[in-house]
Amino acid sequence: MFSRALGDDAELRPLEPWQAAEFAAYADRVRGALKPWIPWAYTVVDEASARAYLQGYADRQAADGGRVFGLYVSGVLEGGVIFRSFNAAQRVCEIGVWLAPEMRGRGLINRACRVLIDWAIDVRGMVRVEWLCDPRNEASIAAARRLGFTHEGTHRKAFHLDGEHRDVQVWAIVA
Ligand SMILES: CC(C)(COP(=O)(O)OP(=O)(O)OC[C@H]1O[C@@H](n2cnc3c(N)ncnc32)[C@H](O)[C@@H]1OP(=O)(O)O)[C@@H](O)C(=O)NCCC(=O)NCCS
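Everything numeric here is computed off the predicted structure, so don't read it as measured data.

A few words on the site of the ligand. Taken together, 20 residues are adjacent to the ligand, and Val97, Leu99, Asn110, Asn137 and Arg146 come closest. One of the backbone N or O atoms of Arg106 is found 3.2 Å from an oxygen atom in the ligand. Bound to the protein, the ligand loses 70% of the 950 Å² it would expose on its own. Elements with a minimum of two residues in the shell around the ligand: β5 (92-99), α4 (108-123), β6 (128-133) and α5 (138-146). Tallying contributions element by element places α5 first for the shell around the ligand, with four residues. In the shell around the ligand, the residues fall into 12 nonpolar, five polar and three charged.

This brings us to the pattern of salt bridges. If you walk through the whole model with that rule in mind, you get 15 salt bridges. The partner of Glu94 in a salt bridge is Arg84, with the nearest N and O atoms 3.1 Å apart. In this pair, Glu94 sits in strand β5 while Arg84 sits in strand β4 (residues 76-87), placing the two residues 10 residues apart along the sequence. The class of Glu94 is buried, set by a relative accessible area of 7%. For Arg84, a relative accessible area of 37% puts it in the partly exposed group. For Arg166, the salt bridge identified is with Asp134, shortest N-O distance 3.3 Å. Within this pair, whereas Arg166 is found in strand β8 (residues 164-174), its partner Asp134 is found in the loop between β6 and α5, the two being separated by 32 residues in sequence. We classify Asp134 as buried; its relative accessible area is 9%. Because the salt bridges share partners, they merge into one network encompassing Asp134, Arg136, Glu164 and Arg166.

Right, let's talk about α5 for a bit. Among all positions in α5, only Ser140, Ile141, Ala143 and Ala144 are buried. All buried residues of α5 lie within an arc of 160° about the axis, which places them on one face of the element. Turned more than 90 degrees from where α5 packs its buried face, Glu138, Ala139, Arg145 and Arg146 sit exposed.

Annotation from UniProt places "domain: N-acetyltransferase" (unreviewed entry) at residues 10-175. Spanning residues 10-175, this segment combines 36% helix with 37% strand, and its end C-alpha atoms are found 27 Å apart.

The end-to-end C-alpha separation of helix α3 (residues 47-62) is 22 Å, in line with the 22 Å expected for 16 residues at 1.5 Å each. Turning to α3, its buried residues are Ser49, Ala50, Tyr53, Leu54 and Tyr57. One side of α3 carries all its buried residues, which in axial view fall inside an arc of 135°. Across α3 from its buried face, at more than 90 degrees, point the exposed residues Ala48, Ala52 and Ala62. Lining the buried residues of α3 we find α1 (20-34), α2 (40-43), β3 (67-73), β4 and β5. The first or second residue beyond α3 is Asp64, which carries a positive phi of 60°.

Thresholds applied
- Residues numbered from 1 in each chain as written.
- Predicted model: local features only at pLDDT ≥ 70, side-chain atom pairs only at ≥ 80, totals over all residues.
- Heavy atoms only, no water.
- Near = heavy atom within 4 Å.
- Polar contact = N/O pair within 3.5 Å; in protein donor to acceptor, adjacent residues only side chain to side chain.
- Areas by Shrake-Rupley, 256 points an atom, 1.4 Å probe, with all protein chains shown as cover.
- Helix = DSSP H or I, 4+ residues; strand = E, 2+ residues; numbered from the N terminus.
- Nonpolar A, V, L, I, M, F, W, Y, C, P; charged D, E, K, R; others polar.
- Salt bridge = Lys/Arg side-chain N within 4 Å of Asp/Glu carboxyl O.
- Buried < 20%, exposed > 50% of the residue type's maximum accessible area, 1.4 Å probe, protein only.
- Arc of directions from axis to C-beta.
- UniProt positions renumbered as here; feature names shortened; annotations may be inferred.
- Expected span 1.5 Å × (residues − 1).
- Contact = heavy atoms within 4.5 Å.

Structure (structure tokens):
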């Protein structure tokens, strides 16, 4: 019902539990490309698990916490941006992103993240927006840098995915 135009027939839309079948089909389509970096690529495996993932964000949004949005191109779900965490009391939040491989290289995540960052800082008064990524994730690092995030340091062995404890780079924008 509601969307935010990003240009080039791309838009941000809410992604809600009723869209579980669409999100599950999307997960099947992009799973191989997201598995190296994105935890839900392992856990969203059918409509029920897609619904559980989206319901988790719906619950958090209702509590003014995390939020998930779908990135659509020509009406097709191609990516997502999330407030993985959103602490209104502390005024600190974290953004996460993913995109279907064939849609990369167009600046779509850049434009979508600008919407989230502007809203977080200008509307919600966030003083710190974080971006966490694996040091091996060159595309994510480039996206963070392009958005104006600053690399602050690296937490060692701070994140477990696919059988290994990984280092986590911490990037942030401060208001
Ligand atoms: C991380 C990820 C979302 C980045 O996608 P992306 O399309 O490269 O991101 P951006 O929106 O910043 O686009 C930048 C690219 O678009 C190009 N571009 C074109 N128009 C642009 C514009 N108006 N503004 C910015 N960049 C633009 C840039 O030159 C760049 O291309 P290049 O990489 O060939 O130099 C994507 O690689 C992905 O989904 N990876 C797997 C999931 C993942 O790792 N998520 C992050 C976990 S921390």
